[in-house]
Amino acid sequence: MEKVLRINAVSEHDKFYHQENLHPLVSIIDFNGTAPEIYASRMNFGFYAIYLKDVICGDIKYGRDNYDYQDRTLVFVAPGQIINVNINKDYKPAGFALLFHPDLIHGTSLGKHINDYNFFSYETREALHLSERERKIVLDCFEKIRYELEQGSDQHSKTLIAANIELFLNYCVRFYDRQFITRNEVNRSHIEKFESLLKDYFHSDKLQILGLPAVTYCAEQLHLSPNYFGDMVKKETGKTPIEYIQLKVMDLAKERILGTNMPISEIAYELGFKYPQHFTRAFKKIIGYSPNEYRSLN
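Model, not experiment: these values are computed from the prediction.

Caption draft 1: Inspection of the pairing of strand β7 (residues 73-77) at higher detail. Of all five residues that make up β7, five are buried, and the element is covered over most of its length. Because side chains alternate across β7, one face comprises the buried residues T73, V75 and V77, and the other comprises L74 and F76, equally buried. Pairing geometry for strand β4 (residues 48-53) and β7, over five bridges, is antiparallel. Across the sheet, residue K53 finds its bridge partner in β7, namely T73. The pairing of β7 with strand β10 (residues 128-129) spans two bridges and is classified as antiparallel. Note that in β10 the partner of T73 across the bridge is H129.

Caption draft 2: Just the pairing of strand β9 (residues 95-100), in detail. β9 sits mainly inside the fold: six of its six residues count as buried. Of the two faces of β9, the one carrying G95, A97 and L99 and the one carrying F96, L98 and F100 are both buried. By the bridge criterion, five bridges tie strand β2 (residues 26-30) to β9 in an arrangement that is antiparallel. Across the sheet, residue D30 finds its bridge partner in β9, namely F96.

Caption draft 3: Inspection of the pattern of salt bridges at higher detail. For the structure shown, the criterion picks out eight salt bridges. The shortest N-O distance in the salt bridge between R178 and E134 comes to 2.7 Å. Here the residue R178 occupies a position in helix α5 (residues 157-182), and E134 occupies one in helix α4 (residues 132-150), the gap between them amounting to 44 residues. Residue classification places E134 among the buried positions, given a relative accessible area of 10%. The salt bridge involving R146 is made with E143; its shortest N-O contact spans 3.8 Å. Residue R146 and its partner E143 are both found in helix α4; the two are separated by three residues, about one turn of the helix. Given a relative accessible area of 43%, E143 falls into the partly exposed group.

Caption draft 4: Fine view of the environment of L52. Structurally, L52 can be placed in strand β4. Given the relative accessible area of 0%, L52 is considered buried. Along the primary structure L52 and R72 are separated by 20 residues, whereas in three dimensions their C-alpha atoms are 6.5 Å apart. Discounting residues that sit within four places of it in the chain, L52 has contacts with R72, T73, L74, A94, G95, F96, L130, R135, V138, L139 and F142.

Cut-offs and rules
Residues numbered from 1 in each chain as written. Predicted model: local features only at pLDDT ≥ 70, side-chain atom pairs only at ≥ 80, totals over all residues. Heavy atoms only, no water. Buried < 20%, exposed > 50% of the residue type's maximum accessible area, 1.4 Å probe, protein only. Helix = DSSP H or I, 4+ residues; strand = E, 2+ residues; numbered from the N terminus. Pairing = 2+ DSSP bridges. Salt bridge = Lys/Arg side-chain N within 4 Å of Asp/Glu carboxyl O. Contact = heavy atoms within 4.5 Å.

Next comes the structure, spelled out in structure tokens:
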């Protein structure tokens, strides 16, 4: 396997693309008319990178998946992620990038909330596709950051740059919300597959052997990243995946409580709970009654 090209600093990345570095911890790059020092197939960054890709030709492969980039696509990369890139010989860089090091946002509002932006952990096939108007907003945010970089550093620089990056990321949250809505048919298909996955899981011996299905397991079976899967389920159902799974398990529990004479402890074990008291506590929290109370009331 080819060696991973490690780029630790933003200034190193600027040098890699023959760009002037205006700040050691943050940069805006215009890729048009540029070329990298080398075309590395495996890269790892020590900073956050957001690419606005304007690729006309070329197929890029990130991880396991081919992704034919159209223009107006945003891709988010967190520090430490390995990027596998296969670029055809006709590829010419086009687009823009925002790069910022974690040290830049320490002690800022963004630093406190950076982990709330789940899309840094999405797979590249779950990239954000922008409308032309959204693309203009992104470029406007980039321009504001570039303006601050060109002013040189003063006592306000860090605050203003971090605030503008946070504004940009908050716009991306809005744009992803829009994308979840506009891709409703695709998401509904995923929800249907999730339902089918749970049904098959519950009617197999996996509950007794493995316990309740984990969110990561469900995401893997649907070929989605856990964070994207979680956000999609929340947008479509109003429930987190864990809440959704628990509700389905409780529906199954209600059927067995009312449809059989099985002891509650046996039902708990069959539903993947190691301890009956954990099942009783979960059932009462969700349904409002203990299993025995529910059986007697019905």
